Amino acid sequence: GESVGLHLPTLSVQEGDNSIINCAYSNSASDYFIWYKQESGKGPQFIIDIRSNMDKRQGQRVTVLLNKTVKHLSLQIAATQPGDSAVYFCAEVHLGNMLTFGGGTRLMVKP
Amino acid sequence: KAGVTQTPRYLIKTRGQQVTLSCSPISGHRSVSWYQQTPGQGLQFLFEYFSETQRNKGNFPGRFSGRQFSNSRSEMNVSTLELGDSALYLCASSLGGIAGEETQYFGPGTRLLVL
């Protein structure tokens, strides 16, 4: 699995701005990816997913982009709100339902 | 539909003791996975159970074990607790396919503190 560091990168944005959170994954054979949001004291919450046969998928205020060439995922949040403040994780889904998580990015929304 | 539930939510133990954590998956979900979350190592996969059988296992010592019951509820056990076992233990459930294309839904976690 992917190793993670002690320090969480932080993205600080103004309320109403768009946010972009990036993630690099390790396994070029991965077919399915999920973005999770984790608020303090809670478990990870599903946001959006994407399969490897897609480059882009849109949800409500969120868009996930997948670049398989460079093994990169991004999560775009439109019109960021204070309630979006949380830690965001990307995860690769492996055979046997095993998730490998990225290190996470802390999103802070300034009112 | 109720989400994944975990009990207890908080637990304090001392080194050398053992602990059992419980997870009830979403109704209809047959796969239960366990993860350990620490500030230093992030989220790491412990094991996955399906139909009362361990189907997949992460890189943790044998002190960490689990089981699943016929109603898909799962327990994990940690024996001979060490200080480094202090973590948030998360349970996730999914329908149970093995194709690697299933969404897993997480519970709120059990916060374990080992003194």
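Residues numbered from 1 in each chain as written. Chains lettered and ligands numbered in written order. Predicted model: local features only at pLDDT ≥ 70, side-chain atom pairs only at ≥ 80, totals over all residues. Heavy atoms only, no water.

Draft legend 1. Geometry of the interface of chain A and chain B. Of the residues lining the interface, 24 residues belong to chain A; the matching set on chain B comes to 30 residues. Scanning the region where chain A abuts chain B turns up zero salt bridges. On the surface where chain A and chain B come into contact, there are five residue pairs in polar contact (both at pLDDT 80 or more). Residue composition of the side of chain A that touches chain B, grouped by class: 13 nonpolar, seven polar and four charged. (Contact = heavy atoms within 4.5 Å. Salt bridge = Lys/Arg side-chain N within 4 Å of Asp/Glu carboxyl O. Polar contact = N/O pair within 3.5 Å; in protein donor to acceptor, adjacent residues only side chain to side chain. Nonpolar A, V, L, I, M, F, W, Y, C, P; charged D, E, K, R; others polar.)

Draft legend 2. Expanded view of the nonpolar core. Residues and elements named next belong to chain B. Within the largest apolar cluster, 21 residues are counted, with the highest numbers of intra-cluster contacts made by W34, L46, F64, M76 and Y89. Listed by contribution, the elements that provide at least two residues to this core are β3 (19-24), β4 (31-38), β5 (42-50), β8 (74-78), β9 (87-94) and β11 (110-114). With sequence-adjacent residues up to four places away left out, M76 is seen in contact with V19, T20, L21, W34, L46, F47, F64, S65, G66 and Y89. (Core = buried A, V, L, I, M, F, W, Y, C linked by side-chain atoms within 4.5 Å. Buried < 20%, exposed > 50% of the residue type's maximum accessible area, 1.4 Å probe, protein only. Helix = DSSP H or I, 4+ residues; strand = E, 2+ residues; numbered from the N terminus.)

Draft legend 3. Quick peek at the state of the cysteines. Counting across every chain of the model gives two disulfides over all chains. The partner cysteine of C23 of chain A in its disulfide is C90 of chain A, sulfur to sulfur 1.6 Å. Of the two residues, C23 of chain A sits in strand β2 (residues 19-24) while C90 of chain A sits in strand β8 (residues 86-94), which places them 67 residues apart along the sequence. C90 of chain A gets classed as buried once you look at its relative accessible area, which sits at 6%. There is a disulfide in this structure between C23 of chain B and C91 of chain B, and the S-S distance comes to 1.7 Å. Taking the torsion about the sulfur-sulfur bond, which here is approximately -50°, the covalent link between C23 of chain B and C91 of chain B counts as left-handed. With C23 of chain B in strand β3 and C91 of chain B in strand β9, this residue pair connects regions lying 68 residues apart in the sequence. By the burial criterion, C23 of chain B is buried, and C91 of chain B matches it. (Disulfide = S-S within 2.5 Å.)

Draft legend 4. Region of interest: the side chain of H29 of chain B. Residues and elements named next belong to chain B. Here H29 lies in the loop between β3 and β4. Side-chain polar atoms of H29 contact the side chain of S93, separated by 2.8 Å. Among the polar contacts made by the side chain of H29, one reaches the main-chain amide nitrogen of S94 at a distance of 3.4 Å. Residues in contact with H29, not counting those within four places in the same chain, are S72, S93, S94, L95 and Y105.

Draft legend 5. Structural view of the sheet that holds strand β7 (residues 64-68) of chain B. All names here are of chain B. If you trace the four strands from one edge of the open sheet to the other, you get β1-β3-β8-β7, paired in antiparallel fashion. Strands with a single pairing partner mark the edges of an open sheet, and in this sheet they are β1 (5-7) and β7. The average angle at which neighbouring strand axes cross in this sheet is 20°, direction not considered. Direction of pairing for β1 relative to β3: antiparallel, over a ladder of three bridges. (Pairing = 2+ DSSP bridges. Axes fitted to C-alpha atoms, helices over the stretch in contact; angles between N-to-C directions.)

Draft legend 6. Looking closely at the packing of aromatic side chains. What the rule picks out here adds up to eleven aromatic pairs over all chains. The interplanar angle of 50° and the centroid separation of 4.5 Å between the aromatic rings of Y25 of chain A and F33 of chain A together place this pair among those described as tilted. Given a relative accessible area of 7%, Y25 of chain A falls into the buried group. Overall, F33 of chain A belongs to the buried group, its relative accessible area being 2%. Here the aromatic rings of Y36 of chain A and F106 of chain B are separated by 5.2 Å at their centres, their planes lie at 90°, and the arrangement is edge-to-face. (Phe/Tyr/Trp six-rings, centres within 6.5 Å; stacked < 30°, edge-to-face > 60°.)

Draft legend 7. Fine view of the pairing of β3 of chain B. Across five bridges, the pairing between β3 of chain B and β8 of chain B is antiparallel. From the neighbouring strand, S22 of chain B faces β8 of chain B, where its bridge partner is E75 of chain B.

Draft legend 8. Geometry of the pattern of salt bridges. Scanning the model with the defined rule gives ten salt bridges over all chains in all. Between E75 of chain B and R67 of chain B there is a salt bridge, with its nearest N and O atoms 3.2 Å apart. By relative accessible area, R67 of chain B is classed as partly exposed at 47%. Counted as one network, the salt bridges with shared partners bring together D49, R51 and R57 of chain A.

Draft legend 9. A look at unusual backbone geometry. All names here are of chain B. Here the amide bond leading from T7 into P8 is cis, since omega sits at -10°, within 30 degrees of zero. Considering the arrangement of structural elements, one finds P8 in the loop between β1 and β2 (10-13). Unlike most non-glycine residues, S51 shows phi in positive territory, near 50°. By secondary structure assignment, the location of S51 is in the loop between β5 and β6 (53-57). In this structure, E52 is a non-glycine residue whose phi angle is positive, near 70°.

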